[in-house]
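Here's the letter readout for the chains.
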Amino acid sequence: MTTQAVAGLRFPLEGATGRLGFARGIDKLEQCIRLVLLTYPGERVMRPDFGCRLRDFLFEAATPATMVRIADEVEQAIAACEPRVEVRQVEVTPDEAVDGLLHIAIHYRPVDESEPVVIVVDFATDRHPAAAEVA
């Protein structure tokens, strides 16, 4: 199956015109990756292993060790739940302007394509390293 053959309802379901929107190709793959990251394991009926434990990192300090753990969790979840992509690398970097905000850059390649793609997902831990030292 080619990347262009991947099609489905747009996520979120609402369209600007009031009609359901559709997505295909890379756009649909990126929406599927985001869906994996937003779903906690156990939330989907009949698919208890689908999802990512990203919520486990809420309220943790945005330290280098936490960023490595987040990158590992994201890479494992996508590899397990999205067979149409090959994850090459996951980089987690803190936002310089907003404490506790992390940018998760997922470098992947659709299995039927040769060109790599990067998607960036923002994740707010709501806690920054300075707060962890005070507490």
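Residues numbered from 1 in each chain as written. Predicted model: local features only at pLDDT ≥ 70, side-chain atom pairs only at ≥ 80, totals over all residues. Heavy atoms only, no water.

The chain is annotated in an unreviewed UniProt entry as GPW/gp25 family protein from Kribbella koreensis.

## Examining unusual backbone geometry
Here the phi dihedral of M46 falls at roughly 70 degrees; this positive angle occurs in a residue that is not glycine. If you trace the backbone, M46 turns up in the loop between α1 (26–38) and α2 (64–81). Positioned with a positive phi, F59 is a non-glycine residue whose angle comes to about 70 degrees. Here F59 is to be found in the loop between α1 and α2. (Helix = DSSP H or I, 4+ residues; strand = E, 2+ residues; numbered from the N terminus.)

## Digging into the nonpolar core
If you look at the biggest cluster of nonpolar residues, it comprises 28 residues, and the most contacted ones within it are L37, L54, I70, V74, I104 and I106. Of all elements in the fold, only α1, α2, β3 (85–94), β4 (101–110) and β5 (117–124) reach the threshold of two or more residues within this core. Examining the composition of this core, we find that 7 residues originate from one element, α2, more than from any other. Residues contacting I104, with those up to four places away along its chain left out, are L54, I70, V74, V90, E91, V92, I119, V120, V121 and F123. (Core = buried A, V, L, I, M, F, W, Y, C linked by side-chain atoms within 4.5 Å. Buried < 20%, exposed > 50% of the residue type's maximum accessible area, 1.4 Å probe, protein only. Contact = heavy atoms within 4.5 Å.)

## Let's talk about the packing of aromatic side chains
Per the counting criterion, the structure on display carries 0 aromatic pairs. Taking NZ or CZ as reference, R44 lies 4.5 Å from the ring centre of F50, over its face. (Phe/Tyr/Trp six-rings, centres within 6.5 Å; stacked < 30°, edge-to-face > 60°. Lys NZ or Arg CZ within 6 Å of the ring centre and 35° of its normal.)

## Topic: the side chain of E30
With respect to the helices and strands, the residue E30 is situated in helix α1. Sequence-distant contacts of E30, that is, excluding residues within four places in its chain, are made with Y108, V117, V118 and I119.

## A look at the sheet that holds β3
Strands sit in the order β3-β4-β5 across an open sheet of 3 strands; the sheet is antiparallel. Two strands bound the open sheet, and with one partner strand each, they are β3 and β5. The mean angle between the axes of side-by-side strands here comes to 20 degrees, regardless of whether they run parallel or antiparallel. Summarising the sheet, β3 and β4 pair through 9 bridges and their orientation is antiparallel. Residue pairing across strands places T93 opposite H103, the latter belonging to β4. Running at roughly 160 degrees to β3, α2 makes contact with β3, β4 and β5 of the sheet. (Pairing = 2+ DSSP bridges. Axes fitted to C-alpha atoms, helices over the stretch in contact; angles between N-to-C directions.)

## Focus on the environment of V74
Here V74 shows up in helix α2. In sequence terms V74 and I33 are 41 residues apart; their C-alpha atoms lie 9.7 Å from each other. The residues touching V74, leaving out its near neighbours within four places in the chain, are L37, C52, L54, V90, I104 and I106.

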